[in-house]
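For reference, the chains in residue letters:
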Amino acid sequence: MNILLLGSGGREHALAWKLAQSRLCDKLFASPGNPGIADHAELTPLELTDHAAVLAFCEAQAIGLVVIGPEAPLVDGLSDALRGAGVPVFGPSKAAAQLEGSKAFTKELCARHNIPTAGFERVASEAEGMAALGKFGIPVVIKADGLAAGKGVTVAMTRAEAEGAVRDIFSGRFGEAGAEAVIEEFLEGEEASFFAITDGHTIVPFGSAQDHKRVGDGDTGPNTGGMGAYSPAPVLTPLLEGEAIERIVAPTVRAMAQEGMPYSGVLYAGLMLTKNGVQLIEYNARFGDPECQVLMLRLESDLGELMLAVAENRLAALEAPRLSPDTALTVVMAAKGYPETPEKGGAIAGLDGAEATGAKVFHAGTALKDGQLVANGGRVLNVTARGRNATEAQARAYAAVDAIDFADGFCRRDIGYREVAREAQG
């Protein structure tokens, strides 16, 4: 069958790479794609907010499955338009995508269904936000309610920083995403990400990961969309994973179905492993970026088969996804100035040499200019490698990074450091 993949980043390059290997895939289209995705798919310019145009393309090209990579088209309801026209789609409905599109929606769902998460208050103005801060200690977490491209969250370590974050959200900086905010209790512990795929009934695990949000080594500097990740995350032990499914993921899927918003797609749970058990930080309604890259490197099952089974509500008939026991680790190479003012246009070379080491380089923000590969975004490349453990995967990923010539780029040099340290201790 023909498959249409929507999106343009490193996550979508990883999905394209894996979908192109599917026995079901006759032809892969991608929109808008990037130069890396072009190695696996025919790129086509579609405006993803123009649902009629996407539907017309699906009809003209006999598309048998649409895979929606990023969150914005999901929150915009593109999957509803596709399903309404009888096109199988991997990705939740607009109503179900509120799990990512509105942090307040998710927190209130958790409150109604006794799903463990941090205490919170929903606020709709700067004055309400300032008043709510008095009910929380320091540190405190302040989040813009809507989609803010990973930049609407502040972990405030002082009252002044907290007040500044509230003012920032209601200043209009985040547009509609900052129309409301959520103030949350700070949770102590180690973070981990857990992924499951579901057709609204059957739920199957799809691996774990840990990412690195801060821009600088040692988790310093501002938050980003993610500077690297590794999978699996051994800190999420089988016992804790079972707890996360039983107390968080499965109750959420049941609750969404009960409330008339059945969830279909991948459900990405950001978890905090606290002394009081596993608690939900937040949900994403799509694969993480760059967590998707390490999951795809470990995936041994046919991704097309899994996604089509989800889209056709028959996930129970398939074997659970098989993931390699190896560790996969990805390092984000970003443009100088990221995350605030990344410098575009920097020349990139040496990718063949990097992949000759055995690594896989996924394009996250690249373009071709007069035949030269250049940076075209904040996060530019995802250099991804596998190894028997995190120590080996890290060494292989950085060997590939060092083979790349990207003078206007930078990366963290400590991705996976927690697990590497644990492995060193035996």
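Cut-offs applied
- Residues numbered from 1 in each chain as written.
- Predicted model: local features only at pLDDT ≥ 70, side-chain atom pairs only at ≥ 80, totals over all residues.
- Heavy atoms only, no water.
- Axes fitted to C-alpha atoms, helices over the stretch in contact; angles between N-to-C directions.
- Helix = DSSP H or I, 4+ residues; strand = E, 2+ residues; numbered from the N terminus.
- Parallel < 35°, antiparallel > 145°, perpendicular 65-115°, else oblique.
- Left-handed = near helix turned anticlockwise from the far one by under 90°.
- Contact = heavy atoms within 4.5 Å.
- Nonpolar A, V, L, I, M, F, W, Y, C, P; charged D, E, K, R; others polar.
- Core = buried A, V, L, I, M, F, W, Y, C linked by side-chain atoms within 4.5 Å.
- Buried < 20%, exposed > 50% of the residue type's maximum accessible area, 1.4 Å probe, protein only.
- Salt bridge = Lys/Arg side-chain N within 4 Å of Asp/Glu carboxyl O.
- Pairing = 2+ DSSP bridges.
- Phe/Tyr/Trp six-rings, centres within 6.5 Å; stacked < 30°, edge-to-face > 60°.
- Polar contact = N/O pair within 3.5 Å; in protein donor to acceptor, adjacent residues only side chain to side chain.

Undergrad: Please clarify how the packing of helix 7 (residues 126-133) against helix 8 (residues 159-169) should be interpreted in this entry.
TA: Packed helices, taken two at a time, are described by their axes: the angle between them and the distance between them. Contact pair helix 7 / helix 8: the axes reach a minimum separation of 9 Å and the direction vectors enclose 155 degrees. Our classification of the angle between helix 7 and helix 8 gives roughly antiparallel. Crossing of helix 7 over helix 8 shows right-handed handedness. Of helix 8, the residues touching helix 7 (which contributes E126, G129, M130 and L133) are R159, A162, E163, V166 and R167. Residue composition of the contact of helix 7 with helix 8, by class: 4 nonpolar, 1 polar and 4 charged.

Undergrad: How do you make sense of the nonpolar core when you look at a structure like this?
TA: Taken as a class, soluble globular proteins show a tendency for nonpolar side chains to be buried jointly. In this structure, L4, V66, L82 and L271 are the most contacted members of the largest nonpolar core, which totals 45 residues. When neighbours within four sequence positions are excluded, L82 is seen to be in contact with V54, L55, C58, V66, I68, V87 and V89. By size, the runner-up hydrophobic cluster in this structure holds 41 residues, among which are F90, V294, L306 and V310.

Undergrad: Could you clarify how one ought to interpret the pattern of salt bridges in this entry?
TA: Opposite charge on two side chains permits them to pair, given that their charged atoms come into close proximity. Going through the model one piece at a time under the given rule, you end up with 29 salt bridges. Between E108 and R122 there is a salt bridge; the shortest N-O distance is 2.9 Å. Here E108 is found in helix 6 (residues 103-112), whereas its partner R122 is found in strand 6 (residues 120-123), with 14 residues between them in sequence. Since its relative accessible area comes to 28%, E108 is described here as partly exposed. Taking the relative accessible area as the measure of exposure, R122 reaches 35% and is therefore partly exposed. Its salt-bridge partner being R247, residue E243 comes within 3.4 Å of it at the nearest N-O pair. Of this pair, E243 and R247 both sit in helix 9 (residues 238-258), 4 residues apart, which is roughly one turn of the helix. The exposure class assigned to R247 is partly exposed, which follows from its relative accessible area of 38%.

Undergrad: Is there a simple way to think about the pairing of strand 4 (residues 63-68) in this case?
TA: Buried residues dominate strand 4, accounting for 6 of its 6 residues. Sheet topology note: the strand 1 (residues 2-7)/strand 4 ladder contains 5 bridges and is parallel. Bridge assignment links L5 to a residue of strand 4, and that residue is V67. Sheet topology note: the strand 4/strand 5 (residues 89-90) ladder contains 2 bridges and is parallel. Within strand 5, the position partnered with V66 by the bridge is V89.

Undergrad: Can you help me understand the sheet that holds strand 1 in this one?
TA: Hydrogen bonding along the main chain pairs the strands of a sheet, whether they run parallel or antiparallel. Read across the sheet, 5 strands follow the order 3-2-1-4-5 without closing on themselves; strand pairing throughout is parallel. Two strands lie at the open edges of the sheet, namely strand 3 (42-43) and strand 5, each paired on one side alone. Across the sheet, helix 1 (residues 10-19) is in contact with strand 1, strand 2 (27-32) and strand 4; its angle to strand 1 comes to roughly 170 degrees.

Undergrad: Help me out: how do you make sense of the packing of aromatic side chains in this one?
TA: In the structure shown here, the tally under the stated rule is 6 aromatic pairs. Each ring, one from F29 and one from F57, has its centre 5.3 Å from the other, and the planes form 85 degrees; the classification is edge-to-face. Placement of the pair is F29 in strand 2 and F57 in helix 2 (residues 51-60), with a sequence separation of 28 residues. The residues F29 and F57 share a single accessibility class, namely buried. Taking the centre distance of 4.5 Å and the plane angle of 35 degrees together, the rings of F195 and Y268 count as tilted. In this pair, F195 sits in strand 10 (residues 190-198) while Y268 sits in strand 15 (residues 265-274), placing the two residues 73 residues apart along the sequence. Take F195: its relative accessible area is 0%, and that puts it in the buried class. Taken together, the aromatic side chains of F90, F195, F206, Y268 and F287 make up a single cluster linked through ring pairs.

Undergrad: Would you explain the packing of helix 13 (residues 390-401) against helix 14 (residues 417-424) in this entry?
TA: Running from amino to carboxyl end, helix 13 crosses helix 14 at an angle of 130 degrees, the nearest separation of the two axes being 8 Å. By the angle between their axes, helix 13 is oblique relative to helix 14. Two secondary-structure elements touch here, helix 13 through A390, T391 and Q394 and helix 14 through Y417, E419, V420 and E423. Of the residues belonging to the contact of helix 13 with helix 14, the class tally is 3 nonpolar, 2 polar and 2 charged.

Undergrad: Is there a simple way to think about the environment of D289 in this case?
TA: Looking at the secondary structure, you find D289 in the loop between strand 16 (277-284) and helix 10 (291-298). For the pair D289 and V66, spaced 223 residues apart in the sequence, the C-alpha separation amounts to 19 Å. In this structure, D289 is in contact with G10, R11, G225, R379 and N382, ignoring residues within four places of it in sequence. Within the structure, D289 has its side chain in polar contact with the side chain of Q293 (distance 2.9 Å).

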